[in-house]
Amino acid sequence: PGGVAIFSDHDGKIRLDYTNDGFYSLHYGSREFWSTKSDNPVDWLIPSDRHIFEDEFALVKSGEKKTGDVSYCVTGEDGRIHWVNNQFRRAYTADNVQYYYSSFTGLDKLKLSEEERNRANRMYQAAVEDAKLVVWEYDICSHRVIMTDNDFTKYDYRKFGLPKVTENVPDSLVPYIEDSSVAAFVEMYRAVERGA
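Remember, predicted model here, so these are calculated numbers, not experimental data. (Residues numbered from 1 in each chain as written. Predicted model: local features only at pLDDT ≥ 70, side-chain atom pairs only at ≥ 80, totals over all residues. Heavy atoms only, no water.)

Relative to the helices and strands, aspartate 49 is located in the loop between α2 (31–37) and α3 (50–62). Although aspartate 49 is buried, it forms no salt bridge, and the closest oppositely charged side chain is lysine 111 at an N-O distance of 9.0 Å. Residues contacting aspartate 49, with those up to four places away along its chain left out, are Tyr72 and Cys73. (Helix = DSSP H or I, 4+ residues; strand = E, 2+ residues; numbered from the N terminus. Buried < 20%, exposed > 50% of the residue type's maximum accessible area, 1.4 Å probe, protein only. Lys, Arg positive; Asp, Glu negative; His and termini not counted. Salt bridge = Lys/Arg side-chain N within 4 Å of Asp/Glu carboxyl O. Contact = heavy atoms within 4.5 Å.)

Our next topic: the pattern of salt bridges. In total, this model carries 12 salt bridges according to the counting rule given. Here glutamate 115 ties to arginine 119 by a salt bridge, and the two come within 3.3 Å at their closest N and O atoms. Remark: arginine 119 and glutamate 115 occur in helix α4 (residues 108–131); sequence separation between them is four residues, near one turn of the helix. Relative accessible area serves as the criterion here: at 37%, arginine 119 is assigned to the partly exposed category. A salt bridge links arginine 194 to glutamate 187; its shortest N-O distance comes to 2.4 Å. Relative accessible area serves as the criterion here: at 39%, glutamate 187 is assigned to the partly exposed category.

Whether parallel or antiparallel, the strands of a sheet pair through hydrogen bonds between backbone atoms. On the basis of which strands lie adjacent, the open sheet formed by five strands has the order β2-β1-β5-β4-β3 and antiparallel pairing. Two strands close off the open sheet at either side, each with one partner strand: β2 (13–19) and β3 (67–75). Recorded for the sheet is a direction-independent mean angle of 35° between the axes of neighbouring strands. (Pairing = 2+ DSSP bridges. Axes fitted to C-alpha atoms, helices over the stretch in contact; angles between N-to-C directions.)

The residue threonine 166 is located in strand β8 (residues 165–166) in this model. Here threonine 166 falls in the buried class, since its relative accessible area comes to 8%.

Looking now at the pairing of β2. The side chains of a regular strand alternate, first on one face of the sheet and then on the other. Sheet topology note: the strand β1 (residues 3–10)/β2 ladder contains six bridges and is antiparallel. Its bridge partner being in β2, isoleucine 6 is matched across the sheet by tyrosine 18. Linking β1 back to β2 in an antiparallel pair, the connection comprises two residues, with aspartate 11 at a positive phi of about 55°.

This part is about the nonpolar core. Grouped together as the largest cluster of nonpolar side chains are 21 residues, with contacts concentrated most on Phe7, Phe53, Phe57, Tyr72, Phe88 and Phe104. Apart from residues no more than four positions distant in its own chain, phenylalanine 7 is found in contact with Ile14, Arg15, Leu16, Asp17, Phe53, Phe57, Phe88, Gln98, Tyr99, Tyr100 and Ser102. Counting residues in hydrophobic clusters, the runner-up holds eight residues, among them Val145, Met147, Phe185 and Tyr189. (Core = buried A, V, L, I, M, F, W, Y, C linked by side-chain atoms within 4.5 Å.)

Another point: helix α5 (residues 151–159). Residues of α5 that are buried: Thr153, Asp156 and Tyr157. Along the long axis of α5, the arc covered by the buried residues comes to 90°, so they all point the same way. Turned more than 90 degrees away from the buried face of α5, the exposed residues are Asp151 and Arg158. Buried residues belonging to α5 abut β7 (144–147). The N-cap residue of α5 is asparagine 150: its side-chain oxygen and the backbone nitrogen of phenylalanine 152 are 3.2 Å apart. Looking one or two residues past α5, glycine 161 carries a phi angle of roughly 70°, positive in sign. (Arc of directions from axis to C-beta. Polar contact = N/O pair within 3.5 Å; in protein donor to acceptor, adjacent residues only side chain to side chain.)

Attention shifts here to the sheet that holds strand β6 (residues 136–139). Spatially, β6-β7-β8 is the arrangement adopted by the three strands of the open sheet, whose pairing is antiparallel. Taken across any chain shown, the strands that pair with only one partner, and hence form the sheet edges, are β6 and β8.

As a further point, take α4. Compared with the 34 Å implied by 1.5 Å per residue over 24 residues, the 34 Å span of α4 between its first and last C-alpha is a close match. Looking one or two places after α4, you find lysine 132, whose phi comes out positive at around 55°. (Expected span 1.5 Å × (residues − 1).)

Here is the structure:
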């Protein structure tokens, strides 16, 4: 379920010597569509990404790297930007021409999920800032608390003279807790350690 190609380099111009149907599907266009764009597939990449492939290809061509691995964008036949990953390596030489095996995978779903995760993270960070929440991570195995880097959290732990990283939690934090709340405070951490 992917694209494959055999390509060669002719005086700095890439020539596709073999492609399967998946190659065109993963570039979101038909063979006919791409053939009208350019006979050099590097030209299909959005202009800002062309050097990414060219730099990686130069490393493989020179033998500095065994396998090339690049991700780039193309504008498909649907007019939208799509992400593609290309992995390639030297294959064989024939008539003094070096040929390369290449495989392609689509990255649109991965990029979309990364974008959604980043958007959710930005929303979370904005909510934390607006609500002036103090946020920290608790490493259950090492009993270590690490304060996050949002502005209010920094302000709060500095106000109380706490370090960014606190070891031996919860015991080392007990001196900051009123006597009447110590048992509840310690139990809160124990509950987290039990999976709450």
